[in-house]
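Read off the chains here:
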Amino acid sequence: MASKTSSSTMIASPVPTNATGTTTAQPSFIEGIINEIPLPKWALIAIVVAAGLVCILILICIIKCCCCKKKRKKKEKLNLVNFNGSTTASLVQPDMDDLESGLEDEKRGRLQYSLEYNFRSQEMKVGVKQAADLKAMDSGGTSDPYVIVYLTSDIKKKYETKVYRKMLNPVFNESFTFQIPQAEMSESTLVMQVYDFNRFARHDIIGEVRLPLSNVDLQHVMEQWNELVAASKTEQEHLGEICFSLRYVPTTSKLTVVILEAKKLKKMDSHGLTDPYVKVQLILNKRKWKKKKTSVKKSTLSPYFNEAFVFDVPFSQIQNVDLVIAVWDYDKVTKNEQIGKVFLGCRATGNHLRHWSDMLANPRRPIAQWHSLQSAEEVDNALGLKTHFKLPLPSR
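None of these values were measured; they are calculated from a predicted model.

Conventions we followed
- Residues numbered from 1 in each chain as written.
- Predicted model: local features only at pLDDT ≥ 70, side-chain atom pairs only at ≥ 80, totals over all residues.
- Heavy atoms only, no water.
- Helix = DSSP H or I, 4+ residues; strand = E, 2+ residues; numbered from the N terminus.
- Contact = heavy atoms within 4.5 Å.
- Areas by Shrake-Rupley, 256 points an atom, 1.4 Å probe, with all protein chains shown as cover.
- pLDDT = per-residue confidence, 0-100.
- Expected span 1.5 Å × (residues − 1).
- Core = buried A, V, L, I, M, F, W, Y, C linked by side-chain atoms within 4.5 Å.
- Buried < 20%, exposed > 50% of the residue type's maximum accessible area, 1.4 Å probe, protein only.
- Pairing = 2+ DSSP bridges.
- Axes fitted to C-alpha atoms, helices over the stretch in contact; angles between N-to-C directions.

What follows deals with the overall build of the protein chain. Across its full length, the protein chain carries 8 helices and 16 strands. The contacts of the protein chain with a sequence gap of at least 6 include a subset with a gap of at least 24, amounting to 65%. Approximately 25,200 Å² of the protein chain is accessible, and the part contributed by carbon and sulfur atoms is 55%.

Attention now moves to the confidence of the model for the protein chain. Averaged over all residues, the pLDDT of the protein chain is 78; the fraction at 70 or higher stands at 74%. Taken together, the stretch residues 1-13 has pLDDT below 50 and engages in 0 contacts with residues farther than four places along the chain or on a different chain. Long-range and interchain partners of residues 73-104, a stretch whose pLDDT sits below 50, account for 7 contacts in this model, where long-range means more than four residues apart.

Across its 12 residues, helix α7 (residues 350-361) extends 16 Å between first and last C-alpha, which sits within 8% of the 16 Å expected from 1.5 Å per residue. Buried positions along α7 lie against β9 (241-249), β10 (254-263), β14 (321-329), β15 (337-345) and β16 (367-372).

Ile242, Leu255, Val257, Ile259, Val280, Val313 and Ile325 are the most contacted members of the largest nonpolar core, which totals 32 residues. Not counting chain neighbours up to four residues away, the residues in contact with Val257 comprise Ser245, Leu246, Val280, Glu307, Ala308, Phe309, Phe311, Leu323 and Ile325. In this structure, Tyr113, Leu151, Ile180 and Leu218 belong to the second largest nonpolar core, which totals 28 residues.

The next thing to look at is the sheet that holds strand β12 (residues 287-293). Either a parallel or an antiparallel arrangement is found when strands of a sheet pair, and the pairing is made through backbone hydrogen bonds. Taken together, the 4 strands give an open sheet; going across it, the order is β12-β11-β14-β15, and neighbouring strands pair in antiparallel fashion. Since the sheet does not close on itself, it has two edges, and those belong to β12 and β15, each with one partner. Across the sheet, the mean angle from the axis of one strand to that of its neighbour is 25°, orientation sign disregarded. For strand β11 (residues 276-284) and β14, the ladder comprises 9 bridges, and the chain directions are antiparallel. From the neighbouring strand, Lys279 faces β14, where its bridge partner is Ala326. Relative to β15, α7 is tilted by about 55°, and along the sheet it contacts β14 and β15.

So this is what it looks like as structure tokens:
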């Protein structure tokens, strides 16, 4: 009996248990690492949750950036597909027009002014009354506004009001008088520009009001408010117009230039008139060659010349010749001033080239045409003249 008991005891050995009677098991690898960290479990859980949130935020940002890039590329692609022009600037900056139009639509304020014309003295009185809700140009949210007033027919003569410090609603109550004949009213524009004064930097323009005088009823005194708009980028000064005829006879190599008349010339004298004369010059291979000039017409803006000049120009050289027509203002005391000029020839463009081409296409026939004068700098840059000395007449 004793042997049976010992053998059964050896076969079914008892499983070790703890004091409470539960079975103990070997801890896992992760649990072992957690047990080695000297932090409570709630702190470990908080760290894990925070790390998870950071990962989620990074993932959301990556997805959002990718989506934005796709949308931007799609939009640019659509803009280029719908674009029918051929300029490089439009392809490089397809949305520039939208940007500029947005800036132009920006609120700049309002200007109140008055206008009165005296038919007897042929004077126009412009009153700059006040401005309201001007755009703030300074960092402090204010501006130092003043107004410049001028006519496009004589942009050298400008008036300006006093400067009002740190104001967006200044009251000017200043008036200015312009001497302008009634006949010129329809071709001139009144310009009132509001500027922000800066003592140590360039003055910034807030906006402007342009009033074509052709739209004004001169019989009544006008007073009104106008919204300020973005200022024009360039102010093209009107220098005047000139009419002349050209005739070329290939068989005799004679180029005949007839200076007929000019009109609406720029005022060069203090009394509002000009003493004009015309220089006619030939340029061969970008070198000054021959020149002649008309008589001087005293105190007029619309001179009549009807003077002819004949030049010997071989047919072999006609394509290398530039014709320069320049209008000057004569002055006894000071230096003569150049009003404006034009040039014609095979290197010219637009109406100037067409006039020259019509002359060559119709030999022996005088071709007359009006031309608007351009600034001397503009014409000289286009000509690109070389050294200034007379070139001998080329052999025929």
